[in-house]
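# Overview (structure and organization)
Below are the chains, spelled out letter by letter.
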Amino acid sequence: MKKGLSHGLTNYGDRDFALYLRRSFARSMGLSDRLLDAPIVGIAAAPSGFNNCHRNIDELVEAASRGVLAEGGLPRVFPTISLGEVFLNPTSMKFRNLMAMDTEEMIRAQPMDAVVLIGGCDKTIPAELMGAVSADMPAIVLPVGSMLAGRHEGTRLGACTDCRRLWAAYRAGTLTGDALGRAHDQLMPTAGTCMVMGTASTMATLAETLGFTLPGASTAPAVSSDRIRLAEATGTRAVAMAKAGGPKPREIMTRTALRNAAVVLQATSGSTNAIVHLAAMAGRAGLEFDLQEFDRVGRDVPVLLNLKPAGNFFMEDFHAGGGLPALWRRLRDHLDLTAPTVGGETLGQIVERWPAYTDDEVIRPLDRPVWPKEAIAILTGSLAPQGAAIKLAAATPELFKFEGPAVVFDSLADLEKRVDDPALEVTPSHCMVLRNAGPIGAPGMPEAGALPIPKKLGSKGIKDMVRISDARMSGTAFGTVVLHVTPEASAGGPLALVRDGDRIRLDALARKIDLLVDEAELARRRAQWKPPEKPARGYGRLYVERVTQADRGCDFDFLAGT
């Protein structure tokens, strides 16, 4: 229930003095006693000159604040770390846990009764929810929204699926540098996150499915008036949550909600990164995100959402075509519609009142799916004892079953140095293996799993090969890519033992990935293996010493369940 300014007083050894002092400083901001006695809604905002996705945050903060004031609350905006995906080295994933800790501690430490979490760029919503679940104060998510699609020479372009498609064509010599340059300004034409079903769109969609947003909040474009109205309504709802003292995040983040998220992740052919983020968020609530259960869900759930990279459309089309509740309606036999949401309704109540219109091309009916089932599969075997992931809906079916020799890259630097070397011994019958790119090895598990096709093969028209790594892959990418191999090479997993020429067998439909080397030889190699050196100090040292593996979400081991 409302505590307002008296929540979490600064420790002077005298509570009355601490409250007196706090009110004095608050009054210095020009706030009246009436407002100082109101429920306080914190608004966590993460703008940055290094985060293009969040350049509309100021407008959303203003609208959310307006909603708080209209409902009789006091909005207080505070900053958190901002994670701009392409502006961080070595990868934004290295800093997700840092942002989660920042968010959690600022929620705990500052006097607020509820919090609005504004964000969007890939790791932001996962970090905010990890922190909010740990703090367990009433919290509601407001995604920044996606960009509008670009238009270029008669086609619609979307970041970053078309970035990758155009770059691959340029590398293969089928697209000129001038043509590549002409498309530049239309790949990301507005404020917002990537407008395909990449990681940002996936995590916004899952936040809504888990119950942490108002209905429609995941799909409204960043530059639309719908987005601004949603921001105001989110602020209004946050005051009601502050007054009621809930619902709290751990009342929303349940096993039922996580299974619903698994259904929607499969039905949207969402980003494989979401598997890692869901495991981390579940861990904060003391729950396990069961990878085998996720795989079983995928065997029964078809891909219905016709968005790039698995389909043809963009997030703005999803919004106009009915939005996420329209997809829930089509998936109602696969979802538990009794799951609650921060808006006070269940998923089923939202579905019942949602407009009936659905665009059948964007949100396909069950009898005409984009992909019949198994969008994302979980593999196990001698190469990945604790699991690996493959996005079947973005892969080449002819490569689902494969056996061939490995060409091994020991690191990202090794990959960059040798992948286009004309002397590289690689053919289309090889599989490309990248190691030491996992949580510890990179560090941070960068989105490097979709290894570039060597130029000497790309120039001959080869567009896909089996690629295997302990890294991640952007949700906007595509190809027959085995990801999240666990344990990673830098933790001493079997991937560390693979050598050039070793045969690897993939049987994606049987969920198997095996290294075909006898155990005696592997034991000999294992005896020669040495762990990588650790960073000398600071956050980097903390990260590699305490980060968990991909199957547990790459969170810090001391944060789960707290």
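The residue count restarts for each chain, going from 1 along the sequence in the order it is written. Two thresholds apply to this predicted model, a pLDDT of at least 70 for residue-level local features and 80 or more for giving and counting side-chain atom pairs, whereas whole-chain, interface and lining totals are computed over all residues. Note that water and hydrogens are dropped before the side-chain values are worked out from all heavy atoms of the structure.

### Looking at the packing of aromatic side chains
Paired rings are identified among Phe, Tyr and Trp, the last through its six-membered ring, by centres lying within 6.5 Å, and are further divided according to the angle between planes into stacked (under 30 degrees), edge-to-face (over 60) and tilted (the rest). A full pass over the atoms with the stated rule returns 10 aromatic pairs. Each ring, one from W371 and one from F400, has its centre 6.5 Å from the other, and the planes form 70 degrees; the classification is edge-to-face. Separated by 29 residues along the polypeptide, W371 in the loop between α16 (347-353) and β7 (376-381) and F400 in the loop between β8 (384-391) and β9 (401-409) bring together distant segments of the chain. Taking relative accessible area as the criterion, F400 reaches 9% and is therefore assigned buried. Linked through ring pairs, F95, Y539, Y543, F556 and F558 together constitute an aromatic cluster. Note on conventions: DSSP H or I runs of at least 4 residues are helices, E runs of at least 2 residues are strands, and numbering of each starts at the N terminus. Note on exposure labels: buried denotes an accessible area under 20% of the residue type's maximum, exposed denotes more than 50%, and partly exposed covers the range between, all computed with a 1.4 Å probe on protein chains only.

### Re helix α9 (residues 225-244)
One less than the number of residues in a helix, times 1.5 Å, gives the span that helix is expected to have. With 20 residues, α9 extends 29 Å between its outermost C-alpha atoms, agreeing within 8% with the 28 Å of an ideal straight helix rising 1.5 Å per residue. Note on definitions: a residue-residue contact is assigned when non-hydrogen atoms from the two residues lie within 4.5 Å. On its buried face, α9 is in contact with β1 (40-45), α3 (57-70), β3 (114-119) and β4 (139-143).

### Some words on the packing of helix α6 (residues 161-172) against helix α7 (residues 177-187)
Relative placement of two packed helices is described by the angle separating their axes and the distance separating the axes. Interaxial angles span 0 to 180 degrees and are taken between N-to-C directions of axes, which are lines fitted to C-alpha atoms, for helices over the stretch in contact. Contact geometry of α6 with α7 gives a least axis separation of 10 Å together with a crossing angle of 175 degrees. By the angle class used here, α6 and α7 are roughly antiparallel. Note on element contacts: α7 touches α6 through G177, L180, A183 and L187, opposite D162, C163, L166, W167 and Y170. For this classification, Asp, Glu, Lys and Arg are treated as charged, while Ala, Val, Leu, Ile, Met, Phe, Trp, Tyr, Cys and Pro are nonpolar and the rest, including Gly, are polar. In terms of residue class, the contact of α6 with α7 is built from 7 nonpolar, 1 polar and 1 charged. Orientation labels follow simple angle bins: below 35 degrees gives roughly parallel, above 145 gives roughly antiparallel, 65 to 115 gives roughly perpendicular, and whatever is left gives oblique.

### A look at the environment of L278
Within the secondary structure, L278 is located in helix α12 (residues 273-284). Taking the C-alpha atoms as reference points, L278 and L129, separated by 149 residues in sequence, lie 10.0 Å from one another. In contact with L278, not counting residues within four places along its chain, are L206, L210, L258, A261, L265 and F289.

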